[in-house]
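# A look at the structure
Chain by chain, the residues:
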Amino acid sequence: MIKENIERIRQTLPENVTLIAVSKTYPRSCIDEAIKANQLDFGENKVQEILQKAQPDEPIRWHMIGHLQTNKVKYLIGKTALIHSVDSLHLLDVIEKESTKQDLVTHVLLQVNLAHEETKFGFDETELDDVLKHSYQHVAIDGIMVIGPHCEDEQRIEEVFMKAEKLKNSYHFKELSMGMSYDYKIALKHGATMIRIGTDIFGQRDYSKQK
Ligand SMILES: *Cc1c(COP(=O)(O)O)cnc(C)c1O
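A short tour of the structure in this document, coming up. The residue numbering used here restarts from 1 in each chain and proceeds along that chain's sequence as written. Only residues with pLDDT of at least 70 are given local features in this predicted model, and only at 80 or more are side-chain atom pairs given and counted; all residues enter the totals for whole chains, interfaces and linings. Side-chain descriptors were evaluated using all non-hydrogen atoms of the structure, hydrogens and water having been removed beforehand.

So, about the overall build of the protein. Secondary structure elements follow DSSP: runs of H or I of four or more residues count as helices, runs of E of two or more count as strands, with numbering from the N terminus. A count of helices and strands for the protein gives 9 helices and 8 strands. Taken along the three principal axes of its C-alpha coordinates, the protein extends 45 × 45 × 35 Å. Residue contacts follow a heavy-atom distance rule, with two residues in contact if any of their heavy atoms lie within 4.5 Å. Of the contacts made within the protein by residues no fewer than 6 positions apart, 59% connect residues no fewer than 24 positions apart. Using a 1.4 Å probe, accessible areas were evaluated by the Shrake-Rupley method; residue-level cover was limited to the displayed protein chains. Here the protein has roughly 10800 Å² of accessible surface; of this, 49% comes from carbon and sulfur atoms.

Right, here's the structure in full:
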């Protein structure tokens, strides 16, 4: 089913949109299934899980989408195509430092908290000006990541996604990572360039499987 799910979703996507298959809590075998549908972008929310699932010399692009602790950065640098969840200047500094050590450029997105739910990490939109004033030699800020409000109210979700679209346009960001299984169709209407889909591809998750 995984292959069919990916193919079905991909058919609905504009060409410029990257589908990220969120494989957190799912075993490597599910990733291998997805690869059969030419899926190469995978999202995980724990550094440990990326390190466990990654195999040497394969073309997979790993996307870090969960809160990243600074003490884990050194294990992630060089193993990830894009970190979506950069939520503090301190974290940016640590990514710069570790990327410099490894002599590479790490691509990141700034997580912006537009839904204002207590549990959400991320910058306030008012902080973006200041963050973007900093310059980095070994970090490339490609855009922003937004998580929609956890609610059934489509209008509320749409309001948040419209704000994100405005930010993308006013800062000329290349990437806007926005939209999950329950809200990606709305995200696509508002300029998402990357959607992060787990459940609709792999099925319901069992979080007890995640250490
Ligand atoms: C788990 C997760 C997703 C995928 O969610 P689904 O509802 O399973 O599609 C997307 N983004 C983030 C940040 C996540 O943690």
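Let's shift gears to the packing of aromatic side chains. Aromatic rings from Phe, Tyr and Trp, with only the six-membered ring used for Trp, were paired whenever their centres fell within 6.5 Å, and each pair was classed as stacked if the ring planes differed by under 30 degrees, edge-to-face if by over 60, and tilted otherwise. For the structure on display, the rule yields 3 aromatic pairs. Taking 6.0 Å as the distance between ring centres and 45° as the angle between the ring planes, the aromatic pair formed by phenylalanine 42 and tryptophan 62 counts as tilted. Placement of the pair is phenylalanine 42 in strand β2 (residues 41-44) and tryptophan 62 in strand β3 (residues 61-64), with a sequence separation of 20 residues. We note that phenylalanine 42, like tryptophan 62, is buried. Exposure classes here rest on a 1.4 Å probe applied to the protein chains alone. A residue is buried below 20% of its type maximum, exposed above 50%, and partly exposed in between.

Okay, the site of the ligand next. One heavy atom suffices: a residue is near a molecule or strand as soon as one of its heavy atoms comes within 4 Å of it. Around the ligand, the neighbouring residues are Val22, Lys24, Ile65, Ile147, Met180, Ser181, Arg196, Ile197, Gly198, Thr199 and Arg205. We define a polar contact as two N or O atoms separated by no more than 3.5 Å, with the added condition that, inside protein, one atom must be a possible hydrogen donor and the other a possible acceptor, whereas residues neighbouring each other in sequence contribute only through side-chain atom pairs. The side chain of lysine 24 places a nitrogen or oxygen atom 2.7 Å from an oxygen atom of the ligand. Arginine 196 places a polar side-chain atom, nitrogen or oxygen, 2.8 Å from a nitrogen atom of the ligand. Expressed as a share of its isolated accessible area of 380 Å², the protein-covered part of the ligand is 90%. The nonpolar class holds Ala, Val, Leu, Ile, Met, Phe, Trp, Tyr, Cys and Pro. Asp, Glu, Lys and Arg form the charged class, and all remaining residues, Gly among them, are polar. Looking at the shell around the ligand, its residues break down into 5 nonpolar, 3 polar and 3 charged.

If you check which residues of helix α1 (residues 2-11) are buried, you get Ile2, Asn5, Ile6 and Ile9. Down the axis of α1, the buried side of the element spans an arc of 95°, and every buried residue falls inside it. On its buried face, α1 sits against β1 (18-22), α2 (28-35), α8 (184-189), β8 (194-197) and α9 (199-202). The directions considered for the arc run from the helix axis to the C-beta atoms.

A few words on the pattern of salt bridges. Salt bridges are identified by distance alone: a Lys or Arg side-chain nitrogen within 4 Å of an Asp or Glu carboxyl oxygen. Across all of its chains, the model carries 10 salt bridges by this definition. Where glutamate 58 meets arginine 28, a salt bridge forms, and the shortest distance between an N and an O atom there is 2.9 Å. In this pair, glutamate 58 is assigned in the loop between α3 (47-53) and β3 and arginine 28 in helix α2, connecting sequence segments 30 residues apart. Among the residues examined, arginine 28 registers a relative accessible area of 15% and is labelled buried. One salt bridge connects lysine 53 with glutamate 49, and the closest N-O pair in it is separated by 2.8 Å. Linking lysine 53 with glutamate 49, this pair stays in helix α3, spanning 4 residues, or about one helical turn. Each of Arg28, Asp32 and Glu58 takes part in salt bridges that share partners, so that together they form one network.

What follows concerns the environment of arginine 28. C-alpha separation for the pair arginine 28 and lysine 185, spaced 157 residues apart in sequence, amounts to 27 Å. The contact partners of arginine 28, leaving out residues within four places of it in the chain, are Ile35, Lys53, Ala54, Gln55, Glu58, Ile60 and Trp62.

In this model, threonine 25 sits at a positive phi of 75°, which is unusual for a non-glycine residue. Assignment of secondary structure puts threonine 25 in the loop between β1 and α2. Its identity is not glycine, yet aspartate 103 carries a phi of approximately 55°, on the positive side. By secondary structure assignment, the location of aspartate 103 is in the loop between α5 (89-101) and β5 (106-111).

We now examine the pairing of strand β4 (residues 82-86). Within β4, 5 of the 5 residues are buried, which leaves it mostly tucked inside the rest of the structure. Pairing between strands is defined by DSSP: at least two bridges between the two strands are required. One ladder, built from 2 bridges, connects β3 with β4; its direction is parallel. Bridge pairing links histidine 63 to leucine 82 in β4. When β4 meets β5, the two strands line up parallel, connected through 2 bridges. Paired with valine 86 across the two strands is leucine 110, which belongs to β5. If you view a crossover with the strands going away from you and the path from the first strand over the helix to the second runs clockwise, you call it right-handed. In this fold, β4 hands off to α5, which returns the chain to β5; that crossover is right-handed.

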